[in-house]
Amino acid sequence: MPRWARPDILKTETTDAFAPSRSSEGRVPTGESLRVIRDDGSVDLATDPGLSRPDSERLYRGMLLERILDDRMLALQRQGRIGFYGPSVGQEAAIVGAVAAMEAGDWIVPQYREPGAALYRGMPLTDLICQFMTNSGDPAKGRQMPCHYVYRKGNYLSISSPVGTQIPQAAGIAWAMKLRKAKDAVLVYFGDGATSTPDFHVAMNFAGVFRVPCVFLCNNNQWAISLPVARQTATETLAEKAGAYGLPGVRVDGMDALAVYAAVRRAATDAREGRGSTLLEALTYRIGPHSSSDDPSRYRDEKEAAAWRARDPLVRFRRYLEKKGWWDDGREAALEKEIGDDITGAVAEAEAKPPVPVDSFFTDVYSDGTWALREELAEARSVARR
Ligand SMILES: Cc1ncc(C[n+]2csc(CCOP(=O)(O)OP(=O)(O)O)c2C)c(N)n1
Ligand SMILES: [Mg+2]
């Protein structure tokens, strides 16, 4: 039994898969969600995206990496070695399954729970951990909160802390792709809470009117810190909001990586081929705390979280791999060890780096700086020396 799994996880609920509605009205059947992997690990041939063995294994590695990274980073935070962390336990399929369906030139606009997507795009682990430690190896040059990474080479945008900000930014990038006649699409992640922000509605309306190539992926993990999703919306699903903007909306089982992959793949293809945007709602659950600063037992019944743990997306995907004859305990143990060693190596490398030089806070805005900034820099340097 892997360390991240629990004995109570071996039973999952069954829901029927259905073909997502692509009607021009964008109508969404409620109460159901797209699903591919059945409880026994077999796949529904009607919805199966048919991933190859290497692609399936890569997807599983991405999810396991995110799971183990969360575990290790929360421990580092408790030891005072990083300042802050936001885990994504339970959402690995919705995060990694989505990014896996995008092409290398596409743009990824993150919320703040997607280190797994940055790593999947090729971000070096050490760079990511340097960002968590805000040291001189931080690609964001120490100018962001910890856990607000950026991976420029992977077209992975810097994280915006204010909820919802990234959604119109993504619609704007997609508009730029359309103006340039590029074949690149945009994937934007956001939470259920973000659907209550004006930014969500502005972006969806813009996307509908201008038919921009954007995949809007709402990770409905059912909580916005302490606020349940029922307080965010009066509609039965979040996907059905798409209809108001003339977009298709699809609800996906967010604990099923193949379902998320299939839905995102299809939405990205539509985007690339000029059919505009799609709103996807991945139904998940925030099994862990909102962040390292949160204690969910103060506002929710943890039995609910335990029930969702029973639908662990990693366990479900592993069953699929096993059913295909592609996986066994030996491979699992080897992969866990490899990832664990990679993280240990990256942490050691990151901890050996000096802090961010104070000068970093005064560069990249003005060519020469103003007199006030020059005075502040001199003062900051003298404080740093002390
Ligand atoms: C505009 C704004 N309001 C409030 C906050 C504080 N805040 C940070 S995360 C968060 C909850 C967001 O919930 P959701 O969109 O569901 O994403 P999740 O954290 O569940 O992934 C809130 C209220 C913020 N960062 N920005
Ligand atoms: Mg949420």
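Residues numbered from 1 in each chain as written. Chains lettered and ligands numbered in written order. Predicted model: local features only at pLDDT ≥ 70, side-chain atom pairs only at ≥ 80, totals over all residues. Heavy atoms only, no water.

A. The arrangement of the site of ligand 1 in detail. By nearness alone, 15 residues border ligand 1, and Q111, Y112, R113, G193 and W223 come closest of all. With respect to ligand 1, the backbone of G193 contributes an N or O atom lying 2.8 Å from an oxygen atom. A distance of 3.4 Å separates an oxygen atom of ligand 1 from a polar atom in the side chain of H290. For ligand 1, the accessible surface in isolation is 580 Å², of which the surrounding protein chains cover 69%. Within the shell around ligand 1, the residues separate by chemical class into seven nonpolar, six polar and two charged. (Near = heavy atom within 4 Å. Polar contact = N/O pair within 3.5 Å; in protein donor to acceptor, adjacent residues only side chain to side chain. Areas by Shrake-Rupley, 256 points an atom, 1.4 Å probe, with all protein chains shown as cover. Nonpolar A, V, L, I, M, F, W, Y, C, P; charged D, E, K, R; others polar.)

B. Layout of the sheet that holds strand β1 (residues 107-109). Reading across the sheet, the five strands line up as β1-β2-β3-β7-β6 and stay open at both edges, with parallel pairing between neighbours. Two strands in the sheet have a free side with no partner beyond their single neighbour: β1 and β6 (249-253). Shown here is a sheet whose adjacent strand axes are inclined to one another by a mean of 20°, direction ignored. The sheet contact formed by β1 and strand β2 (residues 186-191) spans three bridges and is parallel. (Pairing = 2+ DSSP bridges. Helix = DSSP H or I, 4+ residues; strand = E, 2+ residues; numbered from the N terminus. Axes fitted to C-alpha atoms, helices over the stretch in contact; angles between N-to-C directions.)

C. Structural context of the nonpolar core. Ranked by size, the top nonpolar core spans 73 residues in total, and within it M73, I129, F317 and I343 carry the most contacts. The element contributing the most residues to this core is helix α7 (residues 257-272), with ten residues. In this view, I129 contacts M73, I343, A346, V347 and A350; residues no more than four positions away in its chain are not counted. Core analysis: the next-biggest nonpolar cluster, separate from the first, contains 26 residues, A171, M177, A194 and L247 among them. (Core = buried A, V, L, I, M, F, W, Y, C linked by side-chain atoms within 4.5 Å. Buried < 20%, exposed > 50% of the residue type's maximum accessible area, 1.4 Å probe, protein only. Contact = heavy atoms within 4.5 Å.)

D. Focus on the pairing of strand β3 (residues 214-220). β3 sits mainly inside the fold: seven of its seven residues count as buried. The pairing of β2 with β3 spans six bridges and is classified as parallel. By the bridge assignment, V186 is partnered in β3 with C214. This β-α-β element, β2 to helix α6 (residues 198-210) to β3, shows right-handed connectivity. Bridge count between β3 and strand β7 (residues 278-283): six bridges; the pairing is parallel. Bridged to L217 within β7 is L280. (Right-handed = clockwise from strand over helix to strand, strands pointing away.)

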